[in-house]
Amino acid sequence: MVMVKESPILTENLELESVHLSRKVRIDFYLPVNVSSPEKMHVLLINDGQDLETMGFESILNKLYEERAISPVVCVGIHAGMERKMEYGTASQADFKGRGAKAHAYSKFVLGELLPFIQEKYHLPFIQQKAFAGFSLGALSALDIVWNNPGEFGTVAVFSGSLWWRSKDQHDETYDDHTDRIMHQLIKNRPVKPSLKFFFEVGKLDEQKDRNQNGIIDSIDDTLDLIQELKTKGYTDSDIEFLLLDDGKHDVETWGKAMPVFMKWAFAHC
């Protein structure tokens, strides 16, 4: 008789009607099975959930659980809509082209509709830790939501984040990195330091642009500058994990390589 090994996760797919976004949002759930201590369950939201199948996210989770490398995590892949560049961004301010104008509505969807739905559907009156991850512009969105709602979230993962998001065109003669990158300013101007953990991934081949001509691509510069803003705010190396991939590109394959590193860092089995 051939023994079939039981998968450590169950997948579910559904559409959630959102009042705040005036559309249906497709959600993919990756649920751990045979959980002995449901009260220790974690929840991870992931922007651009439509990329997780291409990434092989289910296989990544299977391997992590089989190796007992992570604690149980309800992973929630949120598919981007047709207006991705409007719904992702920073809730308090659109960029210089008006992109991100619906980011506030997206934040309200996550906090007011999605999280309550997850807790009710999967009977999670208490969640050990909530984390939010994203890729590129979805990473900026995740960071913005976590930064503005530290009472809801404890951890954020930024994969190739669009941290260049700016209030002025970089070709504007008055543009200044120190004042016109929106997320950097949001961190700098917050009066108190929220209790949060941060994971940043960027690849050396993420892009080729180098606007200040310092020999370092913008995606690395923007990430390191944001980390410095966090440290100025009072965060330490124990709060921040930075993963620089020599062969990393701005693509799903690269983020798939970085994902297990993040998962082990954030949800180490205990």
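Anything mentioned here points back to the structure above.
Since we're looking at a predicted model, the values are computed, not measured.

### Section: empty space enclosed by the protein
Under the definition given, this model contains one cavity of 30 Å³ or more. By volume, the largest cavity is sized at about 40 Å³. Looking at the largest cavity, the residues that line it are Glu 87, Gly 89, Thr 90, Ala 91, Ala 103, Tyr 106, Ser 107, Ser 141, Asp 144 and Ile 145. Counting only elements with at least two residues in the lining of the largest cavity, the list comes to α4 (103–121) and α5 (137–148). Its residues assigned to classes, the lining of the largest cavity shows four nonpolar, four polar and two charged.

### Observations concerning the side chain of Glu 201
Along the chain, Glu 201 falls in strand β7 (residues 197–205). Buried within the structure, Glu 201 lacks any salt-bridge partner; Lys 257 is the closest side chain of opposite charge, at an N-O distance of 9.7 Å.

### Quick look at the pairing of strand β2 (residues 23–32)
Counted residue by residue, β2 has eight buried out of 10 residues, so it is predominantly covered. Of the strand pairs in this sheet, strand β1 (residues 9–18) and β2 are connected by 10 bridges, and their pairing is antiparallel. Its bridge partner being in β2, Leu 16 is matched across the sheet by Val 25. Counted along the chain from β1 to the antiparallel partner β2, the turn is four residues long, and its residue Ser 22 has a positive phi close to 55°. Relative to strand β4 (residues 73–78), β2 runs antiparallel, the two sharing four bridges. Counted as the bridge partner of Phe 29 is Val 76 from β4.

### Topic: the pattern of salt bridges
Summed over the entire model, instances satisfying the criterion amount to 16 salt bridges. Ionic pairing is found between Asp 247 and Lys 257, a salt bridge with its closest N-O pair at 3.4 Å. Taken together, the residues span a long stretch of sequence, with Asp 247 in strand β8 (residues 240–249) and Lys 257 in helix α9 (residues 252–266) at a distance of 10 residues. Looking at Lys 257, the relative accessible area reads 42%, which means it is partly exposed. Connected through salt bridges with shared partners, the residues Asp 177, Arg 181, Arg 211, Asp 218, Asp 222 and Asp 225 form a single ionic network.

### Considerations on the layout of surface pockets
Estimates place the volume of the second largest pocket at around 330 Å³. Lining the second largest pocket are 19 residues, and of these Trp 164, Arg 166, Glu 207, Lys 209 and Asp 218 lie nearest its centre. Of the residues that constitute the lining of the second largest pocket, the class distribution is three nonpolar, eight polar and eight charged.

### Here's the deal with the packing of aromatic side chains
Inspection of the entire model under this criterion finds 19 aromatic pairs. Judged by centre distance (5.0 Å) and plane angle (85°), the rings of Tyr 30 and Phe 57 are edge-to-face. In this pair, Tyr 30 sits in strand β2 while Phe 57 sits in helix α2 (residues 57–66), placing the two residues 27 residues apart along the sequence. Neither residue differs from the other here; Tyr 30 and Phe 57 are each classed as buried. Considering the side-chain rings of Phe 198 and Phe 200, the 6.3 Å spacing of their centres and the 5° angle between planes classify their relative orientation as stacked. For Phe 198, a relative accessible area of 0% corresponds to the buried category. Through a chain of ring-to-ring contacts, three or more aromatic side chains come together here, namely Phe 135, Phe 159, Phe 199, Trp 255, Phe 262, Trp 265 and Phe 267. Just above the ring of Trp 147 sits the side chain of Arg 190; from NZ or CZ to the centre is 5.3 Å. Positioned above the aromatic ring of Tyr 235 is the side chain of Lys 193, whose terminal nitrogen or guanidinium carbon lies 4.7 Å from the ring centre.

Thresholds, definitions, all that
- Residues numbered from 1 in each chain as written.
- Predicted model: local features only at pLDDT ≥ 70, side-chain atom pairs only at ≥ 80, totals over all residues.
- Heavy atoms only, no water.
- 1 Å grid on protein atoms, 1.4 Å probe; cavity = no way out; pocket = protein on both sides within 12 Å on 5 of 7 lines; lining within 4 Å.
- Points joined across faces, edges and corners; volume = space filled by probe spheres on them.
- Helix = DSSP H or I, 4+ residues; strand = E, 2+ residues; numbered from the N terminus.
- Nonpolar A, V, L, I, M, F, W, Y, C, P; charged D, E, K, R; others polar.
- Buried < 20%, exposed > 50% of the residue type's maximum accessible area, 1.4 Å probe, protein only.
- Lys, Arg positive; Asp, Glu negative; His and termini not counted.
- Salt bridge = Lys/Arg side-chain N within 4 Å of Asp/Glu carboxyl O.
- Pairing = 2+ DSSP bridges.
- Phe/Tyr/Trp six-rings, centres within 6.5 Å; stacked < 30°, edge-to-face > 60°.
- Lys NZ or Arg CZ within 6 Å of the ring centre and 35° of its normal.

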